[in-house]
Each structure stands twice: as C-alpha cells, then as structure tokens.
Amino acid sequence: MNQRSLSAFIWSVVDLLRGDYKQYDYGKVILPFTVLRRMDCVLEPTKPAVLVEYTKKQTHGVNPDPYLVCESGQKFYNASPLDMKKLMNDPDHIRENLYS
C-alpha cells in the first residue's frame, strides 16, 4: 500500500468514526491503529515462521522471546495467530477472537 492509498484509507476510517467520536478524539483512535497497522505490515513476512517457532518453544517449555525476536528480524514480534487482516475480515467476532 503506497502513502496515498494509506492516507485515503485512514481518512475513510475517520469519516466512518465521525458519528461515534468528537473531532478532537480522532487522534486517540486513528494514531494508535495507524501504528498497529504499520507494525502488522512490518511483521507480516515473518509471521508464519514466528508462529512455528513460538509453538516449538512452548512445547519444550522454553522462553520463546529471544527466538521470536530473532525470527521476526525486529526488536518486537507478534505471537498471536490474529493480525489486522484477520480481524477486519471478521468484525462481528473481534471481541470473541481476542479473548478466546
């Protein structure tokens, strides 16, 4: 997604939120989700390997953190099977997926 597309997408979300949020509250919602989406995009290429490594380390009772950082190639990782795309494709069940 290029910068123009991303910007258009973000503002389309703002338009959807206009009824639920006051204008001064947009930053409380838009900025965090923009950061989360960016992190999700950065981790996307290594996500399958991170999930495999996480399962292996959990099975052996080993602290997975250093291994998952290595697998992700970043200083952070996401060991959840959920990502933004999966959550957006199932908006009616986001709460169930997050807490199950």
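Whatever comes next refers back to the structure up there.
What this report covers is the structure whose coordinates are included nearby.

Scoring rules and cut-offs
- Residues numbered from 1 in each chain as written.
- Predicted model: local features only at pLDDT ≥ 70, side-chain atom pairs only at ≥ 80, totals over all residues.
- Heavy atoms only, no water.
- Helix = DSSP H or I, 4+ residues; strand = E, 2+ residues; numbered from the N terminus.
- Buried < 20%, exposed > 50% of the residue type's maximum accessible area, 1.4 Å probe, protein only.
- Contact = heavy atoms within 4.5 Å.
- Phe/Tyr/Trp six-rings, centres within 6.5 Å; stacked < 30°, edge-to-face > 60°.
- Lys NZ or Arg CZ within 6 Å of the ring centre and 35° of its normal.
- Salt bridge = Lys/Arg side-chain N within 4 Å of Asp/Glu carboxyl O.
- Expected span 1.5 Å × (residues − 1).
- Arc of directions from axis to C-beta.
- Lys, Arg positive; Asp, Glu negative; His and termini not counted.

**Things to note about the overall build of the protein**
Working step 1: Check the secondary structure of the protein and you find 6 helices and 0 strands.
Working step 2: N-terminal to C-terminal, the α/β element order of the protein is α-α-α-α-α-α.
Working step 3: Taken across its 100 residues, the protein has 22% of its residues classed as buried.
Working step 4: When contacts within the protein are restricted to residue pairs at least 6 apart in sequence, long-range pairs at least 24 apart make up 51% of them.

**What to know about the packing of aromatic side chains**
Working step 1: Taken as a whole and assessed by the stated rule, the structure comprises 0 aromatic pairs.
Working step 2: The ring centre of Tyr67 lies 4.1 Å from the NZ or CZ of Lys57, which sits over that ring.

**Points about the side chain of Lys57**
Working step 1: When you line up the elements, Lys57 lands in helix H3 (residues 47-59).
Working step 2: Since its relative accessible area comes to 17%, Lys57 is described here as buried.
Working step 3: Excluding anything up to four places from it in sequence, Lys57 contacts Val62, Pro64 and Tyr67.

**Let's talk about the pattern of salt bridges**
Working step 1: With the rule as written, the count across this model stands at 3 salt bridges.
Working step 2: A salt bridge links Lys85 to Glu44; the nearest nitrogen and oxygen atoms lie 3.0 Å apart. A residue pair is termed long-range when its members are at least 10 positions apart, and Lys85 in helix H5 (residues 84-88) and Glu44 in the loop between helix H2 (26-43) and H3 qualify at 41 residues.
Working step 3: According to the relative accessible area criterion, Lys85 is partly exposed, its value standing at 40%.

**Thoughts on H2**
Working step 1: For H2, built from 18 residues, the straight-helix expectation of 26 Å at 1.5 Å per residue is met to within 8% by its first-to-last C-alpha distance of 26 Å.
Working step 2: Considered for burial, the residues of H2 that qualify are Tyr26, Val29, Ile30, Asp40 and Leu43. Buried residues of H2 fall within an arc of 160° about the axis and therefore sit on the same side. Opposite the buried face of H2, by more than 90 degrees, sit the exposed residues Lys28, Leu31 and Arg38.

**Here we look at the side chain of Asp83**
Working step 1: Structurally, the position occupied by Asp83 is in the loop between helix H4 (65-72) and H5.
Working step 2: Lacking a salt bridge, the buried Asp83 has Lys86 as its closest oppositely charged neighbour, with an N-O distance of 5.0 Å.

Geometric values such as these leave the question of function open.
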